[in-house]
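# Fold and geometry: a report
Residues per chain are reported as follows:
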Amino acid sequence: MIPFEPLTRLRCIACGAEPDARDPYPFRCPHADGGDGREHLLASVPDMTRARFALGTSGQPFVRHRELLHSYTRARRLGMSDAAFVDMVEELDEKVAAVDGHGFTETPLAPSDALAKSTRLVEGQVWVKNETGNVSGSHKARHLFALALHLEVSERTGLT
């Protein structure tokens, strides 16, 4: 098997620490309890010299933008194929659709003249993402789905 070079890394914004790649639950910086008063928050940092913003034409955003997801990097590094990751995303999305009536789609993004006129803080156009027609009517569902992908990768690759 050819080693998969990471497209993303989890890195602490305060100290630069990176959790162990095989940690099934890397949800906090290893130095979070260091008592230094800094906010040790992990952020997914994509390698934009290699990670593609969009792959293919899928309307499922977690499939189309998978190279920007840390769960994708983890899955590939742990031996999951690209096709297996896509199948996993689509399987989980079908489960969401069974509960909510539909799965995830790309969110409409459009300028709002009314918002641009009503604020003095911004010059020019104000762009709005309208999540009200998406799963649960909120962007929070996207965060939870990304977390579900991470946990599913940990399970399917034998880390849990």
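So, how was this worked out
Residues numbered from 1 in each chain as written. Predicted model: local features only at pLDDT ≥ 70, side-chain atom pairs only at ≥ 80, totals over all residues. Heavy atoms only, no water. Core = buried A, V, L, I, M, F, W, Y, C linked by side-chain atoms within 4.5 Å. Buried < 20%, exposed > 50% of the residue type's maximum accessible area, 1.4 Å probe, protein only. Helix = DSSP H or I, 4+ residues; strand = E, 2+ residues; numbered from the N terminus. Contact = heavy atoms within 4.5 Å. Disulfide = S-S within 2.5 Å. Pairing = 2+ DSSP bridges. Salt bridge = Lys/Arg side-chain N within 4 Å of Asp/Glu carboxyl O. Patch = residues over 30% accessible without salt bridge, like charges linked within 9 Å, V, L, I, M, F, W, Y side chains within 5 Å. Areas by Shrake-Rupley, 256 points an atom, 1.4 Å probe, with all protein chains shown as cover. Expected span 1.5 Å × (residues − 1). Polar contact = N/O pair within 3.5 Å; in protein donor to acceptor, adjacent residues only side chain to side chain.

### Overview of the nonpolar core
In terms of nonpolar packing, the biggest core is built from 20 residues, with Phe-62, Phe-85, Met-88, Val-89, Phe-145 and Leu-149 touching the most fellow members. Counting residues per element, the ones that place at least two in this core are helix H1 (61–64), helix H2 (70–77), helix H3 (82–100) and helix H5 (140–156). When residues of this core are assigned to their parent elements, the largest contribution, five residues, is made by H3. The residues contacting Phe-145, other than those within four sequence positions of it, are Gln-60, Phe-62, Val-89, Leu-92, Asp-93, Val-96 and Phe-104.

### Overview of the state of the cysteines
The tally for this structure, following the rule as stated, stands at zero disulfides. Cys-29 supplies the cysteine sulfur nearest to Cys-15, a cysteine that is in no disulfide, at a spacing of 3.7 Å. Looking at Cys-29, it has no disulfide partner, and the nearest cysteine sulfur is the one in Cys-12, 3.6 Å off. Since its relative accessible area comes to 2%, Cys-29 is described here as buried.

### Topic: the pairing of strand E1 (residues 8–12)
Burial along E1 is one-sided: Thr-8, Leu-10 and Cys-12 are buried, while Arg-9 and Arg-11, pointing the other way, are not. Here five bridges tie E1 to strand E2 (residues 42–46), and the two strands are oriented antiparallel to one another. Counted as the bridge partner of Arg-11 is Ala-43 from E2.

### Considerations on unusual backbone geometry
The backbone of Ser-136 shows a phi angle near 65°, a positive value even though the residue is not glycine. Residue classification places Ser-136 among the partly exposed residues on the basis of a relative accessible area of 49%.

### Considering the pattern of salt bridges
Evaluation of the coordinates by the stated rule reveals twelve salt bridges. Linking Glu-152 and Arg-156 is a salt bridge whose minimum nitrogen-to-oxygen distance equals 2.7 Å. One end of the pair is Glu-152 and the other is Arg-156, both in helix H5 and four residues apart, which spans about a single turn. Accessibility expressed as a relative area gives 18% for Glu-152, which makes it buried.

### Notes on a nonpolar patch on the surface
On the surface, a cluster of nonpolar side chains totalling about 470 Å² of accessible area is made up of Tyr-25, Phe-27, Leu-144, Leu-147 and Leu-151. Take Phe-27: its relative accessible area is 45%, and that puts it in the partly exposed class.

### A word on H5
The end-to-end C-alpha distance of H5, which contains 17 residues, comes to 24 Å, matching closely the 24 Å that a straight helix rising 1.5 Å per residue would cover. Three or more residues of H5 are buried, namely Ala-141, Arg-142, Phe-145, Leu-149, His-150, Glu-152, Val-153 and Ser-154. For H5, the secondary structure elements touched by its buried residues are H1, H2 and H3. The positive-phi residue at the C-terminal boundary of H5 is Gly-158, with phi of around 85°.

### A word on the side chain of Thr-107
Residue position: Thr-107 is located in the loop between H3 and strand E3 (109–111). Reaching out from Thr-107, the side chain makes a polar contact with the side chain of Glu-131 at a distance of 3.1 Å. When near neighbours in sequence (up to four residues on either side) are disregarded, Thr-107 contacts Lys-129, Asn-130, Glu-131, Asn-134 and Arg-142.

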